[in-house]
Amino acid sequence: MLLRLPSSSLRRRNATGFFFLLHSFRSFHSAAAFTPSSLHTERKTPAATTVFTPFGSIPRQSYQHQKMTIQAATSAAAVEAEEDPYLFLEEVESEESIAFATSANEKCLNELGDPSETETYERVLKALESDDRIPHVGLLGYEDGTGDMLLYNFWKDSKNPKGIWRKTTLTSYQSANTEWTTVLDLDALAKEEEISWVWKGYVPLPRSLDDASLSGYKPSSETSPQPAGRVTRVLLNLSRGGADATYLREFDLLTETFVDPSSSESSSDQGFSLPEGKTRASYKSRDVLLIGADTGEGSMTTSGYPRTVREWKRGTKIEDAPIVFEGEETDVSCSQYYYDERHREGGAMYEVQSRSISFYNSVYFARREEEDAFVKLAVALNTSVSFFGRWMLLRVKADWEPKDSFAEKTFPTGSLIYVDATAFLDFCKAKEDGNENAIKKAGSKLDYHVLFEPTDTTSYAGYSTTKNYLILYMLDDVKEQLKFYKIGEGGGPFELVGGDEGGAIRSASASGIDSKESDLFWLTTSSYTEPSTLNLADASKCGDEGGDYIVKKLKSLPDMYDSSDLEVAQHFATSKDGTKIPYFMISKKGIELDGSNPTLLYGYGGFEISLGPRYATTVGISWLEKGGVYVEANIRGGGEYGPQWHQSALKENRNKSYEDFIAVGEHLVASNVCTPKTLACRGGSNGGLLTGNMLVQAPDLFGAIHIAVPLLDMQRYHKLLAGASWMAEYGDPDTDDWKNFLYKYSPYHNIDEAREKYPAVLLTTSTRDDRVHPAHARKMVKKLWDLGEGKEWPVYYYENMEGGHGGAADSKQSAFMTSLSYEFMWRALTKE
C-alpha cells in the first residue's frame, strides 16, 4: 500500500497498518450506524467528570455467586473433521446467497417491524442530516490574489445524501454564515454514471512537489506577501456502494473537473485513473505516482493489498511502470512514501519504504535525499517510524535496548523517543556495511531523547503537528491529556511548553491547519454528553502567561438530545485473573439501583484501539433519553494502557478480552444497575467477534445481543477477503493455533445445540463489505436457525445491500441500521 505525504491528522494515530485496519470501531460506535465520515463530525467537547459512588468499591467476592455459566467449547478435532454445510454462503453475490439475504431481511422486518417507521429513525436521520453539524475542513492551499486559506469540506444532508465536496475561505469559515462553493456533486455524478458512489477521500498533490502550484499566484501587494501556492490536483477515491475497494480518478482543482485519462491531445495531459481495487497511491511529482495496485499475477499479497510499488508516469500504462519496491506475497502490504520536512530547520525530504510483514511488524528502509541509497533501519520490527524536522521519531512497542548504538538505556514498551535522523541513517548505513569501526563511530554520535515514557496508568495515544510544535496525546486511566512540545532553537530537541495538568473524561482532537506555514490548529473537543466545539487555536500561545492557546470559538454542535439530567462516571471491574478493568457509565442522575435499568454494554478490545469519550448522538437519542444506561468497557486487546494492554490479549490470550467484558457485565449486575434480563451488549467488526463470543460463552448474562459486521468463523477467517492480514492478532488456523486456542473462541463452532434457550440476538452485515466477509454473519445465522428449530432461539438477521464495512452507504441507511439495532435491544430488555 502507499501512503500520501503524512499530515498531522495521519500522525494522530500513528500505527502500523493504518490503511488496512480490520475495524471501523469509531465509526461503528459514534456514527448512526458505521459510516466512517461521521466520526469527524462527532468529536466533541470536554465533559465535567462526575462521580457515581454506589458501586465503585464493591469487592469481587460480593457478586461472585452471581457469576454466569460459561459454555465449554467443542473439541477442535471434532470441528476439523466436520464438513461445513454452509460454504455456499461465502459466494458473496451468488443467486443463492442474495436470495438468502433477501428472505432473511424480509423475515427480520416482519418480526421486528420497519425501523424507518419509528420515531428513533426520524430523529437519528434528522441529526445525521442536520445543517447544525460542524463542517470540518482541510486546507488545500491559498486563494490567488488574497492569500486567504482555501478550505475544503465533504458534506451530506437531505438534499445531497451522497454528498457534495465544497470549498470556502478561512475568512468566510469564521463568519456566522459561511459561503460555500460546490466543487463536486457526488449525487449528480452517481446519477450521470449510474453508479452508487460513496466518497472515500482524496490524496493531494503536495504544493512542494508541484511547480504549477505557484504559477497562478499573485500576492495582494509587493509589501504584504502572503503564503503562496495552492493544491492544483488530487487523486479521488470513490467506492461503489461503500466497499473498501475504490476507483482512483484524478481531479483538477483549478478547473474543478476530472482529468481525462483518455486525452488524445498529448500524453502529458492524460489523467491518472484506475478501476476498482484496493489501490494505494500518492504523488511523487506532478506527473509521477508512487502506486500499489492490482496489475495482475503477483501484484497483491495474500491479504489482498499491494505487494509492489511502481513509479507510474503520466501518459503511460501502469503495467509498464517500473517496480521500485516489493515485498513478499505473505506480507500484509508494502509501501513507499515521503515525509517532506524541508520547511523545518535541519529537516529534509525523507523517503521511506516499508514491508508490513504482519499487522504489527514492519521492516523499514529510508533515505534522506533522493540521490542517497535506501538503508534498512536498525529498529525492532514492531517500531513505528515518523519524522519531524531533523528528528526521527520512534514509538517502541516492546522494551528496546539499542546496545550497539550506545544508548545505555532500555526504553520501555510504549515509549516515544527521537533521535537525529541523519546520524541514525549514517549509523544504519554503517551497520548495513558491516564495518565495526564505522558502526562504533556512527553509534557514538547518536543521542536518544525521550518524548514520552509510560507509567502504570499512562499511555501514549498519538500526536499532531503545527510548524513548530508537536501536540502529544496521552491517556491517564483512559482520561485524555494534551502536552505541547516546541522544537528547540536551530531545530534542536523538543521543549515541553504547556498542556493539561491532568486527564479529563473528554475527547480532544488537534489538527494543524497548515503545518508548513503556521502554528494555527483546529481544536475539537467533546464528551459523552457535551456536543462538539470547534476552536481556532494557536500553539505558539501555549507558552504565554496563562497558557490560553484558543484564539476563537468557531462553531458548536447544538444538543442533539437531552443530556441535562445525565452523569458520566468511571468505574473498575475485576477480571478473572485479578486485572482491574475500567469502564465508563452514562446514566440518569440518581438512578434506582434495583436492577430494572435497560443497560447497553459496548466493547471492542482489539488492534490496540482505545475507546473513549465522544459525543454519542445516536446513543443519546436511541437509548439514554429513554432512560437507558450506556456503558463502554475498556477491555484488554485495546490500547487504553499502551501496547502491553493490547498484547496481553493476543492469540492464545484472547480469552482475556472476553473475561474482561464478562467481568464488567457481572459488575453491573452485582451493582444492581441491571439484571441479565435488562442487560444488552453490542459490538461491530472485531467487536462483533466479542459479542459473538458473549452469545456462546455467556448467554445467561445478557437479555439481548447485537453482533454487527462480525468475524465469527475463526477456522476460515484467514481465507476470506482481508482476513490473512489479521493473523498477528488472532493466530493461524492452518497451524496448531486452531486446536490450541482458536477453536475456543470461534463462535461459529461453539453453538451449544443442547441449549433450549439463547438470548435474543440480531446479526447485521453488508453485502458490499469487502473487509470482513458477510459470510461470517450469514453462516452463523443459518446454523443458528437450523440447530435452533423448535427451541427458544430468537435470531434475527439483516444484510444491507450497500455500505461496505461501515454498514451503510448514506444517512438514510445509517439511520435505518441504527434504529433497527436500538429498537431491537430496547424491546428485548423492556418486554414484560
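Residues numbered from 1 in each chain as written. Predicted model: local features only at pLDDT ≥ 70, side-chain atom pairs only at ≥ 80, totals over all residues. Heavy atoms only, no water.

Novice: What's the story with the overall build of the chain in this structure? I'm lost.
Specialist: When helices and strands are counted, the chain shows 18 helices and 37 strands. Within the chain, the proportion of its 832 residues that are buried is 63%. When contacts within the chain are restricted to residue pairs at least 6 apart in sequence, those whose partners lie at least 24 apart make up 64%. If you sum the accessible surface of the chain, you get close to 30400 Å²; carbon and sulfur atoms cover 46% of it. (Helix = DSSP H or I, 4+ residues; strand = E, 2+ residues; numbered from the N terminus. Buried < 20%, exposed > 50% of the residue type's maximum accessible area, 1.4 Å probe, protein only. Contact = heavy atoms within 4.5 Å. Areas by Shrake-Rupley, 256 points an atom, 1.4 Å probe, with all protein chains shown as cover.)

Novice: Just checking my understanding: could you explain the packing of helix α11 (residues 617-624) against helix α18 (residues 811-830) for this structure?
Specialist: How two helices pack is summed up by the angle between their axes together with the distance between the axes. α18 packs onto α11 with a crossing angle of 35° between their chain directions and a minimal axis gap of 10 Å. The handedness of the crossing between α11 and α18 is right-handed. In this structure, α11 uses Thr618, Val619, Ser622 and Trp623 to contact α18, whose residues at the interface are Thr818, Tyr822, Met825, Trp826 and Leu829. Residues of the contact of α11 with α18, tallied by class, amount to 6 nonpolar, 3 polar and no charged. (Axes fitted to C-alpha atoms, helices over the stretch in contact; angles between N-to-C directions. Left-handed = near helix turned anticlockwise from the far one by under 90°. Nonpolar A, V, L, I, M, F, W, Y, C, P; charged D, E, K, R; others polar.)

Novice: Hey, could you run me through the confidence of the model for the chain in this one?
Specialist: Detail in the predicted coordinates should be disregarded across regions flagged by low pLDDT. In the predicted model, the chain carries a mean pLDDT of 87, and 86% of its residues have values of at least 70. Within the model, the stretch residues 1-73 combines pLDDT values under 50 with 265 contacts to residues more than four positions away or in other chains. Across residues 215-226, confidence stays below pLDDT 50; counting only partners more than four residues off in sequence or on other chains, it has 15 contacts. (pLDDT = per-residue confidence, 0-100.)

Novice: Explanation requested: the sheet that holds strand β18 (residues 384-388) in the structure shown.
Specialist: Sheet strands line up and pair through hydrogen bonds in the backbone, either parallel or antiparallel. As summarised here, the arrangement of the 4 strands in space is β18-β19-β20-β21, forming an open sheet in which the pairing is antiparallel. Single-partner strands in this sheet number two, and they are β18 and β21 (449-452). Adjacent strand axes in the sheet meet at a mean angle of 30°, parallel and antiparallel pairs treated alike. Pairing of β18 with strand β19 (residues 391-395) involves 5 bridges; the strand directions are antiparallel. From the neighbouring strand, Phe388 faces β19, where its bridge partner is Trp391. (Pairing = 2+ DSSP bridges.)

Novice: Whenever I open this one, the sheet that holds strand β30 (residues 566-574) confuses me. Can you help?
Specialist: Read across the open sheet, the 8 strands follow the order β30-β31-β33-β32-β34-β35-β36-β37; overall the sheet is mixed. A single partner strand is all that each edge strand has here, and the edge strands are β30 and β37 (795-800). On average, each strand axis in the sheet is tilted by 20° relative to the strand beside it, whichever way the strands run. Pairing of strand β36 (residues 760-766) with β37, which is carried by 6 bridges, proceeds in the parallel orientation. Residue Thr765 lies in a different strand from β37, and its bridge partner there is Glu799. Together, β36 and β37 form the strand contacts of helix α17 (residues 775-787), whose direction differs from that of β37 by roughly 155°.

Novice: What is the right way to look at the nonpolar core in this model?
Specialist: Soluble globular proteins tend to pack their nonpolar side chains together in the buried interior. Counting 126 residues, the largest nonpolar core has Trp522 and Tyr730 as the members making the most contacts within it. It is α18 that provides the largest number of residues to this core, a total of 10 residues. Within the second largest apolar cluster, 30 residues are counted, among which are Tyr350, Val352, Cys428 and Ala442. (Core = buried A, V, L, I, M, F, W, Y, C linked by side-chain atoms within 4.5 Å.)

Novice: Can you help me understand the pattern of salt bridges in this one?
Specialist: Close approach of charged atoms lets side chains of opposite charge pair. For the structure on display, the rule yields 43 salt bridges. With a closest N to O distance of 3.1 Å, Asp514 and Arg207 form a salt bridge. Of this pair, Asp514 sits in the loop between β26 (507-512) and β27 (520-526) while Arg207 sits in the loop between β5 (197-204) and β6 (233-240); the two residues are 307 residues apart in sequence, bridging distant segments of the chain. Assessed through its relative accessible area of 4%, Asp514 is described here as buried. Of the residues examined, Arg207 reaches a relative accessible area of 18% and is grouped as buried. Between Asp713 and Lys779 there is a salt bridge, with its nearest N and O atoms 2.8 Å apart. Of the two residues, Asp713 is situated in the loop between β35 (704-708) and α15 (727-730) and Lys779 in helix α17; the sequence distance between them amounts to 66 residues. Both residues of the pair, Asp713 and Lys779, count as buried. Overlapping salt bridges bring together Asp84, Glu90, Asp713, Arg716 and Lys779 as one network. (Salt bridge = Lys/Arg side-chain N within 4 Å of Asp/Glu carboxyl O.)

Novice: Would you explain α17 in this entry?
Specialist: At 3.6 residues per turn, the α-helix brings residues three or four places apart onto the same side. The end-to-end C-alpha separation of α17 is 18 Å, in line with the 18 Å expected for 13 residues at 1.5 Å each. Listed as buried for α17 are Ala775, His776, Ala777, Arg778, Lys779, Met780, Val781, Lys783 and Leu784. Buried residues along α17 sit against α5 (95-112), α14 (686-697), β36 and β37. (Expected span 1.5 Å × (residues − 1).)

Novice: Where do I start with the packing of aromatic side chains in this structure?
Specialist: Centre distance and the angle of the planes are the two values used to describe a pair of aromatic rings. Applying the stated criterion across every chain yields a total of 44 aromatic pairs. Relative to Tyr730, the ring of Phe607 lies with its centre 6.0 Å away and its plane at 80°, an arrangement referred to as edge-to-face. Remark: Tyr730 occurs in helix α15 and Phe607 occurs in the loop between β32 (599-602) and α11; sequence separation between them is 123 residues. Summarising the burial analysis for this pair, Phe607 and Tyr730 share the class buried. An aromatic cluster of three or more residues is present, and its members are Tyr152, Phe154, Trp165, Trp199, Tyr202, Phe251 and Phe258. Stacked on the ring of Trp180, the Lys or Arg Arg166 has its end atom at 3.9 Å from the ring centre. The ring of Tyr173 has Lys555 lying over it, and the distance from NZ or CZ to the ring centre is 4.5 Å. (Phe/Tyr/Trp six-rings, centres within 6.5 Å; stacked < 30°, edge-to-face > 60°. Lys NZ or Arg CZ within 6 Å of the ring centre and 35° of its normal.)

Novice: I'm lost on the environment of Gly723 in this one. Help?
Specialist: Position of Gly723 among the secondary structure elements: in the loop between β35 and α15. Along the chain, Gly723 and Val772 lie 49 residues apart, while their C-alpha atoms are 7.1 Å from each other.

Novice: Explanation requested: the packing of helix α9 (residues 421-433) against helix α10 (residues 436-443) in the structure shown.
Specialist: At their nearest, the axes of α9 and α10 sit 8 Å apart, and the two run at 165° to each other. Between α9 and α10, the crossing angle belongs to the class labelled roughly antiparallel. For α9 against α10, the interelement crossing comes out left-handed. In this structure, α9 contributes Asp426, Phe427, Ala430 and Lys431 to the contact, and α10 contributes Ala438, Ile439, Ala442 and Gly443. For the contact of α9 with α10, the class distribution of residues is 5 nonpolar, 1 polar and 2 charged. (Parallel < 35°, antiparallel > 145°, perpendicular 65-115°, else oblique.)

Novice: Even after reading the chapter, I still don't get the side chain of Lys278, so can you show me in this structure?
Specialist: When you line up the elements, Lys278 lands in the loop between β9 (273-277) and β10 (280-285). Here Lys278 sits buried without a salt bridge, and the closest side chain of opposite charge, Asp244, lies 4.6 Å off (N-O distance). Here Asp770 takes part through its backbone oxygen, which lies 2.9 Å from a polar atom of the side chain of Lys278. Beyond its immediate chain neighbours, meaning those up to four positions away, Lys278 contacts Asp244, Ala245, Gly292, Met300, Gly304, Tyr305, Pro306, Ala722 and Asp770. (Lys, Arg positive; Asp, Glu negative; His and termini not counted. Polar contact = N/O pair within 3.5 Å; in protein donor to acceptor, adjacent residues only side chain to side chain.)

Novice: Which parts of the structure should I look at to understand the pairing of β32?
Specialist: The side chains of a regular strand alternate, residue by residue, between the two faces of the sheet. Burial along β32 is two-sided: Thr599 and Leu601 facing one way and Leu600 and Tyr602 facing the other are all buried. In terms of strand pairing, β32 meets strand β33 (residues 629-633) through 4 bridges, oriented parallel. Along β33, the bridge assignment pairs Leu601 with Val631. Each parallel crossover has a hand, and for β32 linked through α11 to β33 it is right-handed. One ladder, built from 4 bridges, connects β32 with strand β34 (residues 679-684); its direction is parallel. Paired with Tyr602 across the strands is Arg682, a residue of β34. (Right-handed = clockwise from strand over helix to strand, strands pointing away.)

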